[in-house]
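# Fold and geometry: a report
Residue strings, one per chain:
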Amino acid sequence: MFTKIQALINREIQEENEPKETAVLVRVLCLIDILFLTIGAVDTGVVYGCEVCIPASLLILLMVGVFGLSYKVKMKTLVPMYFVALSINCIVLVLLLGLSFMFQAQFYVLFIIFFYRGAGTKLDRVGSVFISSAILLFLIFYIRINGSIIDVDLSKFNVLTFFCTAYILAKTTCFAYFFRRKFSASEEKIIKYSKKLEMLATTDPLTKLQNRRGMLNHIEEYSSEIMSNGGMLTVAIGDIDYFKHINDTYGHDAGDYVLETLAKIMNEFMDGKGMVARWGGEEFLFSLENINGDYAFEEISKLLHLIEKYEFSFDGTPIKVTMTFGLEEYDDNIGIDKVITKADEKLYLGKEQGRNRVIY
């Protein structure tokens, strides 16, 4: 039963490009109205008969009508329609039964629906507050001067005041829940979007490695948080040997293939050792963490031989790929920029000495 009701409430609306969430909120509110109106009509109808039952039945039919229209009309029509229907509901009940049962308290929460619907205008929101306040004041003054249509014996309906309080609480809770759900959904979207922007700003689109910005952020964070506690860091720069020749001979698609494949090899190799980033073009920067220069030399030498032995093949054509590396152990006295510069100088020294080697 509950599943069927839930499916009914969450059913899509017919109009395109319309927010379903507002329609669902209106449907839930209508069901609350119908439930409490029915209970109230039965409770008072036993004593006052048709004098209460007929107006209450018409009000229930009115809310049923709004519920049905929530599947067909646009939200800019549905929201004011519900506002008007519930205003009629409150006015009739207060005029019939008076102020003692707090039906007029509906106006304290009635206008909130215009604030829930983000697409509503400022005029809608201001107008709803003004209209709600004006009707509420009119009802209070009118009943105090003229009294209610039905002279209700409060001793027979002392539970009805509690009932109406529960009615308002149910509506307020419903609004609070939907506002919270909407806020949470928006907050989650913002967080996801921020993470996506951050990833795009710090990730190389071809190799999916960190880019220069991402790597510098990482090294700065590592050096400030870990190395202050006695950690170690060695920086290495690797450059693909004769990469221009690969592009010129096999084409730029082959060059992209080499970069992507190398990125996977290096990323797997660096797992647990630190991070590798695409520094620019065919250059890669390595952050070897908690590793001193001597041990880093051994590790990068292993990577060099791994790349040298790897069988690169693009469209069935084998491609010989080697790399040259320059290493420099981090020195807090000269800073990361100077350390990277020294590693770069050693890289070019390796190029001059014949490539496919590690210089430390």
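Read on for an overview of the structure. What you see is a predicted model; the values in this text were computed from it and never measured.

Secondary structure assignment for the chain yields 13 helices and seven strands. Evaluated residue by residue, the chain yields a buried proportion of 44% over its 360 residues. Sequence separation of 24 or more characterises 70% of the internal contacts of the chain that already satisfy a separation of 6 or more. Accessible area for the chain stands at about 19,500 Å²; split by element, carbon and sulfur atoms hold 59% of it.

A separate point is the sheet that holds strand β6 (residues 323-329). Strand pairing in a sheet takes place through backbone hydrogen bonds and is either antiparallel or parallel in direction. Reading across the sheet, the five strands line up as β2-β3-β1-β6-β7 and stay open at both edges, with mixed pairing between neighbours. Since the sheet does not close on itself, it has two edges, and those belong to β2 (274-280) and β7 (358-359), each with one partner. Pairing of β6 with β7 involves two bridges; the strand directions are parallel. Note that in β7 the partner of F325 across the bridge is V358. Docked against the sheet, helix α13 (residues 335-352) engages β1 (233-240), β2, β3 (283-289), β6 and β7, running at close to 145 degrees with respect to β6.

What follows concerns the side chain of K171. By the element assignment, K171 lies in helix α8 (residues 158-202). Leaving out residues up to four positions away in the same chain, K171 has contacts with L29, I32, D33, Y82, L86, Q106 and V109.

Moving on, we get to the pairing of β3. The buried fraction of β3 is high, at seven of seven residues. Along β3, one buried face is formed by E283, L285, S287 and E289 and the opposite face, lined by F284, F286 and L288, is buried too. Here β1 runs beside β3; their pairing, made up of seven bridges, is antiparallel. Looking at the pairing, A236 lines up with F286 of β3. In this sheet, β3 lies alongside β2 in antiparallel orientation, the contact comprising six bridges.

Looking at the secondary structure, you find L285 in strand β3. L285 sits in the buried class, given a relative accessible area of 0%. Between the C-alpha atom of L285 and that of A343, which follows or precedes it by 58 residues, the distance is 9.6 Å. When near neighbours in sequence (up to four residues on either side) are disregarded, L285 contacts M215, I219, V235, A236, I237, M275, V276, A277, W279 and I340.

A few words on a negative patch on the surface. A surface patch of like charges, here negative, comprises D294, E298, E329, D331 and D332. Here D331 shows up in the loop between β6 and α13. We classify D331 as partly exposed; its relative accessible area is 30%.

Criteria and thresholds
- Residues numbered from 1 in each chain as written.
- Predicted model: local features only at pLDDT ≥ 70, side-chain atom pairs only at ≥ 80, totals over all residues.
- Heavy atoms only, no water.
- Helix = DSSP H or I, 4+ residues; strand = E, 2+ residues; numbered from the N terminus.
- Buried < 20%, exposed > 50% of the residue type's maximum accessible area, 1.4 Å probe, protein only.
- Contact = heavy atoms within 4.5 Å.
- Areas by Shrake-Rupley, 256 points an atom, 1.4 Å probe, with all protein chains shown as cover.
- Pairing = 2+ DSSP bridges.
- Axes fitted to C-alpha atoms, helices over the stretch in contact; angles between N-to-C directions.
- Patch = residues over 30% accessible without salt bridge, like charges linked within 9 Å, V, L, I, M, F, W, Y side chains within 5 Å.
- Salt bridge = Lys/Arg side-chain N within 4 Å of Asp/Glu carboxyl O.
- Lys, Arg positive; Asp, Glu negative; His and termini not counted.
- Charge placed at Lys NZ, Arg CZ, Asp CG, Glu CD.

Geometric descriptors of this kind do not, in isolation, establish any biological role.
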